[in-house]
Amino acid sequence: MHDEATPHYIDLIDQTTLGHQFIKDEFGKLPRVGWQIDPFGHSAVQAYLLGAELGFDSLFFARIDYQDRAKRLKEKTLEVVWRGSKSLGSSSQIFTGIFPRHYDPPDGFTFEINDVSPPIQDDILLFDYNVQERVNDFVAAALAQANVTRTNHVMWLMGTDFRYQYANSWFRQMDKFIHYVNKDGRVNALYSTPSIYTDAKYAANEEWPIKTEDFFPYADRANAYWTGYFTSRPSFKGYVRMLSGYYVAARQLEFFKGRSGSGSNTDALADALAIAQHHDAVSGTERQHVAADYALRLSIGYIEAEQLVASSLAFLAESRSSTGHGDPVTNFQQCPLLNISYCPPTEAAFTDGRSLVVVIYNPLGWKREEVVRIPVVSTQKVTVKDAGGRTIDSQLLPLSNVTLGIRNLYVKAYLGKSPSETVKYWLAFSASVPPLGFSTYVVSIAKQTDRGSTISTVYSPKGSMSNNIEIGQGNLKLLYSGGKVTHYVNNRNLVTETVEQSYSYYSGYSGTDKDPQASGAYVFRPNGSSPIKWENQVQLTVVRGPLLDELHQKLSPWISQITRVYREKEHAEVEFTVGPIPVDDGIGKEVITQITASMKTNKTFYTDSNGRDFIKRIRDFRTDWDLEVTEPIAGNFYPVNLGIYMQDDTTELSVLVDRSVGGSSLVDGQIELMLHRRLIYDDKRGVGEVL
């Protein structure tokens, strides 16, 4: 059962395809019903893409906001026709059933061993003979549910979490209830399935209320908004997203080469990614040892897919070389640890005339012009040439001290020893890659006659010198004063906008005797309504070159940021490093960044739905009911998989992300993203372990 807030829609499609193929192969059946009973809120993409467009007749789940459920119980609107796509409308709608309570039976009808529900005693010689009493209980519960449900059909869910392990005790009682209730005649009871129930609802020819948009955010009671998991375990979320993209490329290359019955393939990675979509996996709501197990499975899958990618690229490169367009290259190595700036193939010294051949593959359906960065050791100028021998613009950028520290720490953790080389630079160069194709570049020590890479200029402004800094040498420029960004300028479309960025953290609520709800893996509950901000002087380093400029900021001992502006791009790239988050002061912390512009947004912003659509959000507002605001911060956070934006009559500000995070706009003209969380209390939702 996949999560619906934090996965990308491509991962959802891949996982569902894998599962349905298994069901078809093993049982010869195609599923008709979506059974998403436990995810913590429900996305519009689930309704139309993984529901109606998948060929489902219906979709069922349990978890919706407690205020929403209360209103739907009163109005008999727990069962709806859900139109998740604004553009597709009624052409892609699905019958959706929301359970009147949780995914468990009515009170008094659980029959696990040692359960407290009284069983039917139908031996008239027993003193506790209770057939009529239990039949009356059954009928009363059935009528109570019928009073909140349209048509004369209701569904009972028998069993629940950790309560369906002794089938004999359950079925023995259900057999008796069906027999005696039907003998009584007031209601008819039968063993059924969601498909049979759906058919009965269709046959009733009822007019169902229409539901649009999604079911986020979810709170199961006041002060308990499940919006923390949008960000929980951000490193794992990033790992899943990175391997998802890799899997797409690997499958394409596997197709181009042709699958071998005995060679490496993408199956193990497909399985690991599918498992990682579970609603207690990519959501970040698992225990630490379980998260480690998910990551291990992904790593094993990657290793096999890496072999497939290497052999496929070698096959394609040799096929090209046979036509006289290049030299055969067969020993392909990859760099899965670039996130910690470690890549042994690119770090080898360019001695004895050796060169480095870089092959770049583009899995998208259009040509891409990108700046590629690889770590290199050489302090000499290098040159980059394309497959035709033309020299490509390139730039050497020094690694920051923070980056070097991360590299040294985690390479040792990964390999058991420190890296043998000390990387000095990132080598950045412009690459042009055709759609669904690859390009080859050769890196070597520059000769006297070659145009070598430009070594970036580096300086650290102090005092008044930090009041006027400009980065960006193309149409886009960012202006800084006092160590902080102040203006965004785009010369091409004549946009000049004041903009600020800051980092803060919310203190996680610890719970009290009167209200024990703490902030934890699922629940985001800040202690107070204002973030705590740092006032320390920001340390700055400016890096300039022909391809891109960088601004390095050290904002605290455990938060740093690199902002990049590329000459040929009209967006800024922000790379942040957060952690380890200190909690030795006894305070759990939920780290956010805020981007503020002088825009009049009227409480309105937009977040994506699983990376596919954008949905309009209005602060302190719900489309389906009059919201009683109990948590003005947590209750306005939404899942952000692809991006979040806000706009007014003249300007739009968009922020794209590389993994799932929680996001909001708590103040007009401001976007807020939660980047990382570390807490010291459990939120008592099943993990039983602090995050």
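Rules and cut-offs
- Residues numbered from 1 in each chain as written.
- Predicted model: local features only at pLDDT ≥ 70, side-chain atom pairs only at ≥ 80, totals over all residues.
- Heavy atoms only, no water.
- UniProt positions renumbered as here; feature names shortened; annotations may be inferred.
- Helix = DSSP H or I, 4+ residues; strand = E, 2+ residues; numbered from the N terminus.
- Phe/Tyr/Trp six-rings, centres within 6.5 Å; stacked < 30°, edge-to-face > 60°.
- Buried < 20%, exposed > 50% of the residue type's maximum accessible area, 1.4 Å probe, protein only.
- Lys NZ or Arg CZ within 6 Å of the ring centre and 35° of its normal.
- Disulfide = S-S within 2.5 Å.
- Lys, Arg positive; Asp, Glu negative; His and termini not counted.
- Salt bridge = Lys/Arg side-chain N within 4 Å of Asp/Glu carboxyl O.
- Contact = heavy atoms within 4.5 Å.
- Patch = residues over 30% accessible without salt bridge, like charges linked within 9 Å, V, L, I, M, F, W, Y side chains within 5 Å.
- Areas by Shrake-Rupley, 256 points an atom, 1.4 Å probe, with all protein chains shown as cover.
- Right-handed = clockwise from strand over helix to strand, strands pointing away.
- Pairing = 2+ DSSP bridges.
- Axes fitted to C-alpha atoms, helices over the stretch in contact; angles between N-to-C directions.
- Parallel < 35°, antiparallel > 145°, perpendicular 65-115°, else oblique.
- Left-handed = near helix turned anticlockwise from the far one by under 90°.

### Observations concerning the UniProt feature "domain: Glycoside hydrolase family 38 central" (unreviewed entry) in the chain
Here the UniProt feature "domain: Glycoside hydrolase family 38 central" (unreviewed entry) sits at residues 224-298. Along residues 224-298, the helical share is 60% and the strand share 3%, with 32 Å between the first and last C-alpha atoms.

### Some points on the packing of aromatic side chains
Enumeration over the complete set of coordinates arrives at 36 aromatic pairs. Here Phe-429 and Tyr-441 contribute two aromatic rings whose centre-to-centre distance is 5.4 Å and whose plane-to-plane angle is 50 degrees, an arrangement assigned as tilted. Here Phe-429, found in strand S13 (residues 425-433), pairs with Tyr-441, found in strand S14 (residues 437-445); they are twelve residues apart in sequence, far enough to count as distant. We note that Phe-429, like Tyr-441, is buried. Consider the rings of Phe-605 and Tyr-638, whose centres lie 5.9 Å apart with planes at 65 degrees: the pair is edge-to-face. Taken together, the residues span a long stretch of sequence, with Phe-605 in strand S27 (residues 604-609) and Tyr-638 in strand S29 (residues 638-640) at a distance of 33 residues. Tyr-638 gets classed as buried once you look at its relative accessible area, which sits at 3%. A connected cluster of aromatic rings, assembled from ring pairs, spans Trp-35, Phe-60, Phe-95, Phe-99, Tyr-197, Tyr-202 and Trp-208. The ring of Phe-215 has Lys-211 lying over it, and the distance from NZ or CZ to the ring centre is 4.4 Å. One residue, Lys-589, lies across the ring of Tyr-505, its end atom 5.4 Å from the ring centre.

### Digging into the state of the cysteines
A complete count under the given rule lists one disulfide for this structure. At a sulfur-sulfur separation of 1.8 Å, the disulfide partner of Cys-335 is Cys-343.

### Structural notes on the side chain of Arg-233
Within the secondary structure, Arg-233 sits in the loop between strand S7 (224-225) and helix H7 (234-257). No salt bridge forms around the buried Arg-233; measuring N to O, its nearest opposite-charge neighbour Glu-286 is 4.2 Å away. With residues near it in sequence (within four places) discarded, Arg-233 still touches Gly-284, Glu-286, Arg-287, Gln-288, Ala-291, Glu-689 and Leu-691.

### Things to note about a nonpolar patch on the surface
A contiguous nonpolar surface patch, about 450 Å² in accessible area, is contributed by Ile-124, Leu-125, Leu-126 and Tyr-129. Checked against the element boundaries, Leu-126 lands in the loop between strand S4 (93-98) and helix H4 (131-146).

### Quick word on the pairing of strand S2 (residues 58-61)
Where burial is concerned, the two faces of S2 agree: the one with Ser-58 and Phe-60 and the one with Leu-59 and Phe-61 are both buried. Remark: the strand S1 (residues 33-35)/helix H2 (residues 44-52)/S2 crossover connection has right-handed handedness. Pairing of S2 with S4 involves four bridges; the strand directions are parallel. Along S4, the bridge assignment pairs Leu-59 with Thr-96.

### Description of the packing of H7 against helix H8 (residues 267-276)
Closest axis-to-axis distance for the H7/H8 pair is 11 Å, and the angle between their directions is 140 degrees. The pairing of H7 with H8 is recorded here as oblique in orientation. Crossing of H7 against H8: the hand is left-handed. Counted together, Phe-236, Val-240, Leu-243, Ser-244, Tyr-246 and Tyr-247 of H7 and Leu-269, Ala-270, Leu-273 and Ala-276 of H8 form the full contact between these two elements.

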